[in-house]
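Below, each chain spelled out in residue letters.
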Amino acid sequence: MRLIIREDPTSASTYIANYIIDRIKSFNPTNKHPFVLGLPTGSSPVGIYKVLVERYKAGEISFENVVTFNMDEYIGIPREHPESYHTFMYKHFFSHVNVHPSNTHILNGNAPNLEAECVQYEAAIKAAGGIDLFLGGIGPDGHIAFNEPGSSLASRTRVKTLAYDTIIANSRFFDNDISKVPKMALTVGVQTVLEAREVVIIITGAHKSLALKKCIEEGVNHMWTLSSLQLHPHPMIVVDEDATLELQVKTVKYFKSIEAVSASQGFEQILPSKVRTGPRPIDNRIMIPTEEVKKQPTIQSPQPVTSTLLAAPATEYPVRSITPDLIPDRMGSRIAAY
Ligand SMILES: N[C@@H]1[C@@H](O)[C@H](O)[C@@H](COP(=O)(O)O)O[C@@H]1O
């Protein structure tokens, strides 16, 4: 787990935007091997999208070969609704960059068969080769996507009833009128997020500091679903100072020192080489779900998770500078000739 602490939300957002750009560039995506990016909504990622758009407009990054999957969407409001996540993504990101509309995926909260929609979404992620980097935010109760407290850590994309706290928190987008806030949503599951090759989370503000504490300093717990990231091999949480208010001073000092030391050693951005350099040798990664998948009426039962939740044994190691081998010599050779 990496915890990156920045002074304020703007510098936390800039750090993440730069990180994503680095990842996409080093992956060197092509039409056949696109970079697959998981995306969130909410107020926290707005600053990240802003920087991504600026860097795109400055010609520093292209989304031509990027495929996106959003985390969640409300059920029952039209996709044109000003607060739908479709509208959010169009407004803050998709309409400003060169991502192909056909490469963007957002759950359809108005699908005639919501369970089938969820099954198809998981199938589409799989067909795209899995998610390379899942960007996320959290709710004040520590939920990731809409995986509310008590969600199974083995959960997959599904229909979810929203917690009352989340309905209240989101009412600010609906004229502060909780009767207007949708009560149900479609969301990727905790397991869907954990299967991404890398997970990056933004957390800002004092109102999320208790959630950060629960997720970083305490154990894995379904009541704080972000804590499941402790089981992921490559999670990174980027926060502002306010979000650290409930952390122990020694926790903050520890993660700051780790960042400083690793930066001084040039290890800051290092991931196992395959994760970092991307394309896997799979042809036709983007496939439309088959007719058979589309007809499946119910959510597939979760697979056993012990083997996937626990990180697989490392087969790839960080690329580090190599300490020169010791060259044995004879003691006599050290004595200057006379
Ligand atoms: N489903 C979304 C989450 O994905 C998001 O992380 C959360 C926080 O939003 P904000 O960043 O506005 O606090 O809002 C909703 O609950």
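Under an unreviewed UniProt entry, the protein chain has the name Glucosamine-6-phosphate isomerase and belongs to Amylocarpus encephaloides. The record held by UniProt for the protein chain lists under Function (unreviewed entry) the comment "Catalyzes the reversible conversion of alpha-D-glucosamine 6-phosphate (GlcN-6P) into beta-D-fructose 6-phosphate (Fru-6P) and ammonium ion, a regulatory reaction step in de novo uridine diphosphate-N-acetyl-alpha-D-glucosamine (UDP-GlcNAc) biosynthesis via hexosamine pathway."

Novice: Can you walk me through the overall build of the protein chain in this structure?
Specialist: Regarding its fold elements, the protein chain presents 11 helices and 10 strands. Taking all 338 residues of the protein chain together, the buried fraction comes to 39%. Contacts in the protein chain between residues at least 24 apart in sequence constitute 82% of all its contacts with a sequence separation of at least 6.

Novice: It is not clear to me how the environment of isoleucine 20 should be interpreted in this structure. Could you clarify?
Specialist: On the secondary structure map, isoleucine 20 appears in helix α1 (residues 9-27). Distance from isoleucine 20 to leucine 37, taken between C-alpha atoms, is 9.1 Å for residues 17 residues apart in sequence. Look past the residues within four positions of isoleucine 20 in its chain and what remains in contact with it is Leu52, Leu133 and Leu135.

Novice: I'm lost on the packing of α1 against helix α2 (residues 46-57) in this one. Help?
Specialist: The angle between the axes and the distance between the axes are what describe a pair of packed helices. Put simply, α1 and α2 touch, their axes get as near as 8 Å, and they point 50° apart. The angle between α1 and α2 falls in the class oblique. Where α1 crosses over α2, the handedness of that crossing is right-handed. Contacts from Pro9, Thr10, Ser13, Thr14, Ile16, Ala17, Ile20 and Ile21 of α1 reach α2 at Gly47, Ile48, Val51, Leu52 and Arg55. Of the residues belonging to the contact of α1 with α2, the class tally is 8 nonpolar, 4 polar and 1 charged.

Novice: Looking at this model, I keep getting lost on the environment of serine 227. Mind explaining?
Specialist: Relative to the assigned elements, serine 227 resides in the loop between α7 (209-217) and β10 (235-240). The sequence separation of serine 227 and glutamate 217 amounts to 10 residues, and the corresponding C-alpha distance is 9.2 Å. Dropping the residues within four chain positions of it, serine 227 is found in contact with Gly142, Lys214, Cys215, Glu218, Gly219, Val220 and Asn221.

Novice: Even after reading the chapter, I still don't get the sheet that holds strand β4 (residues 72-74), so can you show me in this structure?
Specialist: Sheets are built from strands paired through backbone hydrogen bonds, the pairs being either parallel or antiparallel. On the basis of which strands lie adjacent, the open sheet formed by 3 strands has the order β4-β8-β7 and antiparallel pairing. The open sheet has two free edges, formed respectively by β4 and β7 (158-161), since each of these has just one partner strand. In this sheet, adjacent strand axes meet at a mean angle of 30° when their direction is disregarded. Two elements, β7 and strand β8 (residues 184-187), share 4 bridges in a ladder whose sense is antiparallel. Counted as the bridge partner of arginine 158 is threonine 187 from β8. Together, β7 and β8 form the strand contacts of helix α4 (residues 114-127), whose direction differs from that of β7 by roughly 120°.

Novice: Explain helix α3 (residues 85-92) here, please?
Specialist: Listed as buried for α3 are Tyr85, His86, Phe88 and Met89. Taken down its axis, α3 places every buried residue within 165° of arc, on the same side. Residues of α3 that are buried sit in contact with β2 (35-39), β3 (66-70) and β4.

Novice: Any chance you could explain the pairing of strand β9 (residues 199-203) here in plain terms?
Specialist: Every regular strand shows the same layout, with side chains that alternate between the two sheet faces. Burial of β9 is extensive: 5 of the 5 residues sit out of reach of the surface. Side chains Val199, Ile201 and Ile203 project from β9 onto one buried face, and the interleaved Val200 and Ile202 project onto a second face that is buried too. Where strand β6 (residues 133-136) lies against β9, 3 bridges are found, and the strand directions are parallel. Counterpart to glycine 136 in the pairing with β9 is isoleucine 201. In this structure, β9 lies alongside β10, joined through 5 bridges in parallel fashion. Note that in β10 the partner of isoleucine 201 across the bridge is isoleucine 237. The parallel pair β9 and β10, bridged by α7, forms a crossover whose chirality is right-handed.

Cut-offs and rules
Residues numbered from 1 in each chain as written. Predicted model: local features only at pLDDT ≥ 70, side-chain atom pairs only at ≥ 80, totals over all residues. UniProt positions renumbered as here; feature names shortened; annotations may be inferred. Helix = DSSP H or I, 4+ residues; strand = E, 2+ residues; numbered from the N terminus. Buried ≥ 20, exposed ≤ 12 C-beta atoms within 10 Å, placed from the backbone. Contact = placed C-beta atoms within 7 Å. Axes fitted to C-alpha atoms, helices over the stretch in contact; angles between N-to-C directions. Parallel < 35°, antiparallel > 145°, perpendicular 65-115°, else oblique. Left-handed = near helix turned anticlockwise from the far one by under 90°. Nonpolar A, V, L, I, M, F, W, Y, C, P; charged D, E, K, R; others polar. Pairing = 2+ DSSP bridges. Arc of directions from axis to C-beta. Right-handed = clockwise from strand over helix to strand, strands pointing away.

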